[in-house]
Amino acid sequence: MLEIDRLEVRYGGITALRGISIEVKEGETVLLVGANGAGKSSLINAVMGLVPAESGTIRFANADLSSLSCDRRARAGIGYAPEGRRVFPSLSVTDNVLAGAFGLGRARQSEALSWLHESFPLLAERGNQLAGQLSGGEQQIVALARAMASFPKLLLLDEPFLGLAPVWIARISEAIRAMQRLGTTILMTEQMARPALKLATRGYVIRGGEVRRSGPVAEIRDLALADEYL
Ligand SMILES: Nc1ncnc2c1ncn2[C@@H]1O[C@H](COP(=O)(O)OP(=O)(O)OP(=O)(O)O)[C@@H](O)[C@H]1O
Ligand SMILES: [Mg+2]
């Protein structure tokens with residue numbers, strides 16, 4: 001479903017990704033694990049079209065993404081929850097979620113909202129509250145729901161557990177499992193390898209913009225956990 005081939009990303013003189021190749025097959029949950037600065041967000045943002053590729057290709061559903069804007073990539077079926085659980089703080093929880101369903105049409109929007117309310121009762125209970133007033137974990141649920149509201153084929157999650165207490169990590173994990181049950185293909189990054197390894201089928205350990213090791217979760221577990229404490 002997603003094929004990244006020799007992708008290079010640079011910011012001025014800094015090379016963040018050095019010709020990285022990654023594949024995500026339909027129905028998989030693939031984990032990118034690595035320390036601060038490894039290049040995880042750069043990869044996710046390049047797939048979404050938020051940072052340009054210096055060289056290499058990104059293909060989604062057999063089409064080259066390079067000429068597509070961020071907006072067109074979203075319409076093509078890519079959902080994105082950025083690092084740092086960014087919500088629109090001065091919009092209500094419901095409007096935040098609906099922002100992710102923009103352009104879907106009324107019927108599909110209300111379908112998305114009722115499905116999300118069912119999965120995450122918090123969204124219904126706090127629907128009218130400003131998103132900026134929620135706790136960190138609650139905001140992460142809103143950010144995930146916004147990314148899910150368009151029923152994406154591929155969901156990009158950048159460090160969904162960042163800065164969260166164990167109880168919230170468990171809740172977010174449950175939300176990710178709900179997405180998996182819907183058949184969503186997921187590419188997620190995480191520094192906290194332990195809970196993320198429980199969700200993934202396969203993973204890549206990234207260091208210095210390169211793949212150090214890749215394979216089924218059982219094969220990368222030791223290296224991923226060693227990296228966690230670097
Ligand atoms: N906008 C930018 N301008 C300049 N350098 C950047 C920019 N964004 C990232 N970098 C650099 O690119 C490298 C990779 O950063 P990136 O954010 O992709 O790593 P990461 O694995 O997501 O790290 P973290 O775990 O801290 O989120 C780092 O050296 C970082 O300093
Ligand atoms: Mg990052």
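Residues numbered from 1 in each chain as written. Chains lettered and ligands numbered in written order. Predicted model: local features only at pLDDT ≥ 70, side-chain atom pairs only at ≥ 80, totals over all residues. Heavy atoms only, no water.

1. As for the sheet that holds strand β3 (residues 29-33)
Right, on to step 1. Sheet architecture is open: six strands sit in the order β6-β7-β8-β3-β9-β10, paired in mixed fashion. In this open sheet, the two edge strands, each paired with only one partner strand, are β6 (78-81) and β10 (210-216). On average, adjacent strands in this sheet sit at an angle of 15° to one another, irrespective of strand direction.
Right, on to step 2. Direction of pairing for strand β7 (residues 154-158) relative to strand β8 (residues 185-190): parallel, over a ladder of five bridges. Directly across from D158, in β8, lies its bridge partner T189. (Pairing = 2+ DSSP bridges. Helix = DSSP H or I, 4+ residues; strand = E, 2+ residues; numbered from the N terminus. Axes fitted to C-alpha atoms, helices over the stretch in contact; angles between N-to-C directions.)

2. Quick word on the sheet that holds strand β2 (residues 14-24)
Across a sheet, paired strands are connected by hydrogen bonds in the backbone, their directions being either parallel or antiparallel.
Right, on to step 1. With antiparallel pairing, the four strands of this open sheet are ordered in space as β2-β1-β4-β5. If you trace the sheet from one side to the other, it starts and ends with β2 and β5 (63-64), each paired once.
Right, on to step 2. Sitting on the sheet, helix α1 (residues 40-48) touches β1 (2-11), β2 and β4 (55-60), and the angle it makes with β1 is about 110°. (Contact = heavy atoms within 4.5 Å.)

3. Some remarks on helix α4 (residues 106-119)
Right, on to step 1. Relative to the 20 Å expected for 14 residues at 1.5 Å per residue, α4 spans 20 Å between its end C-alpha atoms, a close match to the ideal helical length.
Right, on to step 2. Within the sequence span of α4, burial applies to Q109, A112, L113, W115 and L116. Down the axis of α4, the buried side of the element spans an arc of 165°, and every buried residue falls inside it. Opposite its buried face, α4 presents the exposed residues R106, A107 and E118, each directed more than 90 degrees away.
Right, on to step 3. Residues of α4 that are buried in the fold lie against α3 (93-99), α5 (121-125) and α6 (136-148). (Expected span 1.5 Å × (residues − 1). Buried < 20%, exposed > 50% of the residue type's maximum accessible area, 1.4 Å probe, protein only. Arc of directions from axis to C-beta.)

4. Re unusual backbone geometry
Right, on to step 1. Even without glycine at this site, N62 takes up a positive phi of about 70°.
Right, on to step 2. Structurally, N62 can be placed in the loop between β4 and β5.
Right, on to step 3. On the basis of relative accessible area, N62 is assigned to the exposed category, the value being 62%.

5. Notes on the site of ligand 1
Right, on to step 1. Close to ligand 1 lie 14 residues, the nearest being N36, G37, K40, S41 and S42.
Right, on to step 2. G37 has a polar backbone atom sitting 2.8 Å from an oxygen atom of ligand 1.
Right, on to step 3. Calculation on ligand 1 without its partners gives an accessible area of 640 Å², and the protein chains cover 63% of this total.
Right, on to step 4. Residue assignment for the shell around ligand 1 shows that the elements contributing at least two residues are β2 and α1.
Right, on to step 5. Counting residues per element, the shell around ligand 1 draws most heavily on α1, at three residues.
Right, on to step 6. Class assignment of the residues belonging to the shell around ligand 1 gives a composition of five nonpolar, six polar and three charged. (Near = heavy atom within 4 Å. Polar contact = N/O pair within 3.5 Å; in protein donor to acceptor, adjacent residues only side chain to side chain. Areas by Shrake-Rupley, 256 points an atom, 1.4 Å probe, with all protein chains shown as cover. Nonpolar A, V, L, I, M, F, W, Y, C, P; charged D, E, K, R; others polar.)

6. Things to note about the side chain of T29
Right, on to step 1. Residue position: T29 is located in strand β3.
Right, on to step 2. Discounting chain neighbours no more than four positions away, the residues touching T29 are Q180, I186, M188, L199, A200, T201 and R202.

7. Description of the environment of I172
Right, on to step 1. Its location among the elements puts I172 in helix α7 (residues 166-181).
Right, on to step 2. For I172, a relative accessible area of 0% puts it in the buried group.
Right, on to step 3. Along the sequence, I172 and L144 sit 28 residues apart, while their C-alpha atoms lie 8.5 Å from each other.
Right, on to step 4. Residue contacts for I172: discarding those within four places in its chain leaves G137, Q140, I141, L144, P160, F161 and L164.

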